[in-house]
Amino acid sequence: MHTAPQAPATVSSPLMQARALFCERDERVLFSGLDLDIHAGELVQIKGSNGSGKTTLLRILCGLNDDYEGDIHWKGEALYEQREDFFASMIYIGHRVGVNRILTPRENLRWSASLHAPADDIRIVAALGRLGLRAYEDIPCRNLSAGQTQRVALSRLLISPASLWILDEPFTTLDVQGVKNLESLLSEHVNAGGAIVLTTHHALNVTCASRALDLDTRRAAA
Amino acid sequence: MNKPVSSHAGTEISTWQAFCATLKRDLVIALKRKNDLLNPIMFFLIVVSLFPLGISPDPVELSKVSAGVVWVSALLASMLSLDNLYRADYEDGSLEQLLLSPQPLYFLVLAKNIAHWLISGLPVVVLSPLLAYMLYLPSEAYWTLVLTLLIGTPVLSLFGSIGVALTVGLGSRGLILAVIVLPLSTPVLIIGAKAVTDVMFGLPIGNHFALLGAILALALTMAPLASSAALRISVN
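Values in this document were obtained by computation on a predicted structure and should not be read as measured data.

(A) Highlighting a nonpolar patch on the surface. Residues and elements named next belong to chain B. The grouping of Leu38, Met42, Ile46, Leu50 and Leu53 at the surface amounts to a nonpolar patch, some 520 Å² of accessible area in total. Structurally, Leu38 can be placed in helix α2 (residues 34-54). Residue Leu38 is classed as partly exposed on the basis of its relative accessible area, which comes to 48%.

Structural data, given as structure tokens:
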């Protein structure tokens, strides 16, 4: 699925660069010799069957998992030397979405914002509204459906200044409208010069530069 | 919706703001979950009030053990509530968000530990004179008891945090938390209870307070670092 880049970031060094990644879990090699470049202005979709290591790869990229061999560079320098800048420029939403069930969406977003970049209440309400949660701002998240909880987590994307989004199965619980919303959000971000790495089994319909990395075919070829 | 991409000049958030927001978040969660708030206090009250029934209502007998009873109950109450510290955050993924913050993890963990102390430790300190009265602790030892608890209970939260951080990823933890946390906490229990007993016998207690203070200083500076490292391992 290759489309021409619409907002070509000058052919520069990649935002993030992974070299010779090797990871095994329970004595099973998930991937070895994996090279991945993530440039500003592109969306990289990680494909693969269940258990092929998609989530593990994302967690390695975002710095939660350090049980791997290989090098990861952020803006040309080793990731572990750039942690603070990397964490300030990256947002990760895993399949545990990081939404507290007791707090309201507004309170959840306020805390998220305080960890990364300040966002006032107007922006928080606007972000929730854009994800279709208007009038749900002050309802405890335990009363929301799974899809709505997912939307609360996705609202973080709108209040964050992060240039790199790492999303693990962001579409799973969303309804048709939610999927469309998120797709247009992804396209906007990439076209504005951001970068996205995501996993999904859903056939992506985005209007931005995108490519796919299939862990299954890599393994078959190896 | 204007969304600035890859420019966070001028939008830096300070560590202090992140610290306050995390502290406030944990306190709000505790206030909304009345059980978490009341459990440690109720547990503390129940355990202490069982002793006169189990030992003897005799004032002489009780006053001898009173300091130890209050201290042991405070320790158990703190341990009982430790699990709340990271469990829910681990399960809903908030812990991952915490670990991925550009802010120093030390201060965020410290904020969570302080919140835990405010919820489970401070009420115990406040209630202790009442229970000391119930157990016939001589009145000249009240202030010593309160002060030792005031210095000691934050240590229980800070050291306990290390144990919870190490075990939060395990499915069934059973007693492993107690096995990790108790060896770290018992010195505080020994010194705290000893200080109160010594005051009853008119002995000097300055050295006990010096030791307690030193342990608190150690816990404040080192424990959040150990907790942070343990959390990174648990989430791995």
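That covers the picture; the talk isn't over yet.
(B) A look at the sheet that holds strand β1 (residues 16-25) of chain A. Residue and element names in this part refer to chain A. The sheet built from four strands is open, its strands ordered β2-β1-β4-β5 with antiparallel pairing. With one partner strand each, in any of the chains shown, β2 (28-38) and β5 (77-78) form the two edges of the open sheet. Of the strands in this sheet, β1, β2 and β4 (69-74) touch helix α1 (residues 54-62), which is tilted by about 130 degrees from β1.

(C) A look at the nonpolar core. Counting 56 residues, the largest nonpolar core has Leu61 and Leu164 of chain A as its most contacted members. Setting aside residues no more than four positions away along its own chain, Leu164 of chain A makes contact with Leu15, Met16, Ile38, Trp74, Phe86, Ser89, Met90, Ile91, His189, Ala195, Ile196 and Val197 of chain A. Within the second largest apolar cluster, 45 residues are counted, among which are Leu75, Ala132, Leu149 and Ala193 of chain B.

(D) Layout of the side chain of Thr153 of chain B. Residues and elements named next belong to chain B. Inspection of the secondary structure puts Thr153 in helix α7 (residues 142-167). Relative accessible area serves as the criterion here: at 3%, Thr153 is assigned to the buried category. Within the local environment of Thr153, its side chain forms a polar contact with the side chain of Trp117, the two groups lying 2.9 Å apart.

(E) View of the environment of Glu24 of chain A. Residue and element names in this part refer to chain A. Checked against the element boundaries, Glu24 lands in strand β1. Residue classification places Glu24 among the partly exposed positions, given a relative accessible area of 42%. When the C-alpha atoms of Glu24 and Gly53 are compared, they prove to be 9.2 Å apart, with 29 residues separating the residues in sequence. Apart from the residues lying within four places of it in its own chain, the contact partners of Glu24 are Val29 and Leu30.

(F) Here's a closer look at the sheet that holds strand β6 (residues 90-93) of chain A. Residues and elements named next belong to chain A. Strands sit in the order β6-β7-β8-β3-β9 across an open sheet of five strands; the sheet is parallel. Strand pairing shows two members of the sheet lacking a second neighbour, β6 and β9 (210-214), which therefore form its edges. Neighbour-to-neighbour, the strand axes of the sheet open up by a mean angle of 15 degrees, direction not taken into account. Inspection of the sheet shows β6 paired to strand β7 (residues 164-168) by four bridges, in the parallel sense. Within β7, the position partnered with Ile93 by the bridge is Leu167.

(G) Spatial organisation of the interface of chain B and chain A. With 36 residues of chain B at the interface, the matching set in chain A holds 46 residues. With both chains or domains summed, chain B and chain A bury close to 3600 Å², and 59% of this area falls on carbon and sulfur atoms. Counting every contact that joins chain B to chain A gives two salt bridges. With a closest N to O distance of 2.9 Å, Glu107 of chain A and Lys32 of chain B form a salt bridge. Applying the counting rule to chain B against chain A returns eight residue pairs in polar contact (both at pLDDT 80 or more). Those elements that provide at least two residues to the side of chain B that touches chain A are α1 (15-32), α4 (87-92), α5 (94-99) and α9 (206-235) of chain B. Sorting elements by how many residues they give to the side of chain B that touches chain A places α1 of chain B first, with seven residues. For the side of chain B that touches chain A, the residue count by class is 15 nonpolar, 11 polar and 10 charged.

(H) Inspection of the pattern of salt bridges at higher detail. Residue and element names in this part refer to chain A. Overall, the coordinates contain 17 salt bridges over all chains when judged by the stated rule. Linking Glu42 and Arg211 is a salt bridge whose minimum nitrogen-to-oxygen distance equals 2.9 Å. You can see Glu42 sitting in strand β3 (residues 42-47) and its partner Arg211 sitting in strand β9, a full 169 residues away along the chain. Here Asp121 and Arg106 are joined by a salt bridge, their closest N and O atoms 2.8 Å apart.

What counts as what
Residues numbered from 1 in each chain as written. Chains lettered and ligands numbered in written order. Predicted model: local features only at pLDDT ≥ 70, side-chain atom pairs only at ≥ 80, totals over all residues. Heavy atoms only, no water. Patch = residues over 30% accessible without salt bridge, like charges linked within 9 Å, V, L, I, M, F, W, Y side chains within 5 Å. Areas by Shrake-Rupley, 256 points an atom, 1.4 Å probe, with all protein chains shown as cover. Salt bridge = Lys/Arg side-chain N within 4 Å of Asp/Glu carboxyl O. Helix = DSSP H or I, 4+ residues; strand = E, 2+ residues; numbered from the N terminus. Buried < 20%, exposed > 50% of the residue type's maximum accessible area, 1.4 Å probe, protein only. Pairing = 2+ DSSP bridges. Contact = heavy atoms within 4.5 Å. Axes fitted to C-alpha atoms, helices over the stretch in contact; angles between N-to-C directions. Core = buried A, V, L, I, M, F, W, Y, C linked by side-chain atoms within 4.5 Å. Polar contact = N/O pair within 3.5 Å; in protein donor to acceptor, adjacent residues only side chain to side chain. Buried area = accessible area lost by both parts, 1.4 Å probe. Nonpolar A, V, L, I, M, F, W, Y, C, P; charged D, E, K, R; others polar.

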